[in-house]
Amino acid sequence: MLNKNYFVHETSFVDQNVIIGDDTKIWHFSHIQNGAKIGSNCTFGQNVNVGINVIIGNFCKVQNNVSIYKGVELEDFMFCGPSMVFTNIERPRSEFPQNKSEDYEKTLIGKSVTIGANATIICGITIGKYAFIGAGSVITKDIPDFALVVGNPGVVVGWVNRYGDKLSFDENGVSICPNSNEKYHLLNNQVKLVDE
């Protein structure tokens, strides 16, 4: 551990060769495994497991009972709701263990994504920035930026702005954020923040 300007509750364990950024807080009964890299100003609730060599950005919030397995990467400002689930092997079998690096699928969660409580993220996908995954959803494929997704399997049912508010588009495919006056454009089932 190269940096000690963070908090780890006395009931939690941090393995060797871990990097944890300034002002990060790791609460009760959590385990940060070897080689993990965690950014600054993150908060981990109780009973969180961060797997070997996992990369987590800055200002992430991981609620209680979440395991972030090897192969998963979280970009900055990402929110993991209570008891949501990541996976990292497509076809797990106890009889035929898959525990080599090449067995683990890469899963990338973009900047400022929200994943609701009890959602499940199947490995090997990318969730685009600012997407909002509803509680209990099961995500089996890539999700575009700003998408609002619910259900099992997860389906895009709308679009959200950077604040998580649902967007309503005019006949030209334009929506203005009431919080910031930012302009969003919907074209070919993709949302772009204009002038980003």
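You'll find the structure just up there.
These lines cover the structure that appears in this document, whether it is placed above or below. Note on numbering: residues in each chain are counted from 1, in written sequence order. At least 70 in pLDDT is required for a residue's local features to be given in this predicted model, at least 80 for side-chain atom pairs to be given and counted, and no such filter applies to totals for whole chains, interfaces and linings, which use all residues. Values shown for side chains rest on all heavy atoms present in the structure; no hydrogens or waters enter the calculation.

Things to note about the overall build of the protein
Item 1. Here a strand is any run of E in DSSP of at least two residues, a helix any run of H or I of at least four, and the numbering for each starts at the N terminus. Within the protein, the regular secondary structure consists of 0 helices and 25 strands.
Item 2. It is over C-alpha atoms that the radius of gyration is taken, and the globule rule equals 2.2 Å times the number of residues to the power 0.38. Here the protein has a C-alpha radius of gyration of 18 Å; the compact-globule value for 196 residues is 16 Å, and the two agree.
Item 3. C-alpha atoms of the protein, sized along the principal axes, occupy 55 × 45 × 25 Å.
Item 4. Of all 196 residues assigned to the protein, the portion counted as buried reaches 42%.
Item 5. When checking whether two residues touch, look at their non-hydrogen atoms; a contact exists if any pair is within 4.5 Å. Contacts in the protein between residues far apart in sequence, at least 24 positions, make up 15% of those at least 6 positions apart.
Item 6. Note on areas: Shrake-Rupley with a 1.4 Å probe; residue coverage comes only from the protein chains shown. By element, 48% of the accessible surface of the protein is carried by carbon and sulfur atoms, the whole surface being about 10,400 Å².
Item 7. Charge centroids of the protein, computed over 16 positive and 20 negative side chains, lie 2 Å from each other. Exposure categories follow from relative accessible area, calculated using a 1.4 Å probe and restricted to protein chains: below 20% of the type maximum is buried, above 50% is exposed, and the middle band is partly exposed. The sign given to each residue is positive for Lys and Arg and negative for Asp and Glu; His and the chain ends receive no count. A charge is said to be at NZ when it belongs to Lys, at CZ for Arg, at CG for Asp and at CD for Glu.

Thoughts on the packing of aromatic side chains
Item 1. Only the six-membered ring of Trp is used, alongside the rings of Phe and Tyr, when aromatic pairs are assigned; centres must lie within 6.5 Å, and planes under 30 degrees apart are stacked while those over 60 apart are edge-to-face, with the rest tilted. Inspection of the entire model under this criterion finds 4 aromatic pairs.
Item 2. A centroid spacing of 4.9 Å and a plane angle of 5 degrees characterise the contact between F59 and F77, whose relative ring orientation is stacked. You can see F59 sitting in the loop between β9 (55–56) and β10 (61–62) and its partner F77 sitting in the loop between β12 (72–74) and β13 (79–80), a full 18 residues away along the chain.
Item 3. The interplanar angle of 80 degrees and the centroid separation of 5.4 Å between the aromatic rings of F146 and Y184 together place this pair among those described as edge-to-face. Highlighted residues: F146 in the loop between β20 (138–139) and β21 (147–150) and Y184 in strand β24 (residues 183–187), separated in sequence by 38 residues.
Item 4. Residue F146 is classed as buried on the basis of its relative accessible area, which comes to 0%.
Item 5. Within the aromatic cluster, the residues linked to one another by ring pairs are Y130, F146 and Y184.

Here we look at the nonpolar core
Item 1. Among the nonpolar cores identified, the biggest contains 45 residues, and I56, I68, L74, F86, I115 and I127 are the most heavily contacted of them.
Item 2. For this core, the elements supplying multiple residues, two or more each, are β12, β21 and β25 (190–193).
Item 3. Not counting residues within four places of it along the chain, the set of residues in contact with L74 comprises I55, I56, G57, C60, I68, C80, F86 and I109. To qualify as a nonpolar core, a set must consist of buried Ala, Val, Leu, Ile, Met, Phe, Trp, Tyr and Cys residues joined through side-chain atoms within 4.5 Å.

Side note on the sheet that holds β12
Item 1. Criterion used throughout: strands pair if DSSP finds at least two bridges between them. Spatial ordering of the open sheet is given by β3-β6-β9-β12-β15-β18, a layout of 6 strands whose pairing is parallel. Looking at the sheet topology across the chains shown, the edges are occupied by β3 (19–20) and β18 (126–127).
Item 2. Inspection of the sheet shows strand β15 (residues 107–109) paired to β18 by 2 bridges, in the parallel sense. Within β18, the residue paired with L108 across the bridge is T126.

Regarding the sheet that holds strand β1 (residues 7–8)
Item 1. The strand order across the open sheet formed by 9 strands is β1-β4-β7-β10-β13-β16-β19-β21-β22, and the pairing between neighbours is mixed. Both outer strands of the open sheet, β1 and β22 (155–159), are each paired with one neighbouring strand and no more.
Item 2. Two strands pair when backbone bridges link them, and strand β4 (residues 25–26) and strand β7 (residues 43–44) are joined in this way by 2 bridges, in the parallel orientation. The residue bridging I26 from the neighbouring strand is F44, located in β7.

Focus on the pattern of salt bridges
Side chains that differ in sign of charge can pair as their charged atoms come close.
Item 1. Every case where a carboxyl oxygen of Asp or Glu lies within 4 Å of a side-chain nitrogen of Lys or Arg is listed as a salt bridge. Counted by the stated rule, this structure contains 3 salt bridges.
Item 2. The partner of E73 in a salt bridge is K106, and the shortest N-O contact between them spans 2.9 Å. Within this pair, whereas E73 is found in strand β12, its partner K106 is found in the loop between β14 (85–86) and β15, the two being separated by 33 residues in sequence.
Item 3. E182 is the salt-bridge partner of R162, the closest N and O atoms lying 2.7 Å from each other. Within this pair, whereas R162 is found in the loop between β22 and β23 (174–176), its partner E182 is found in the loop between β23 and β24, the two being separated by 20 residues in sequence.

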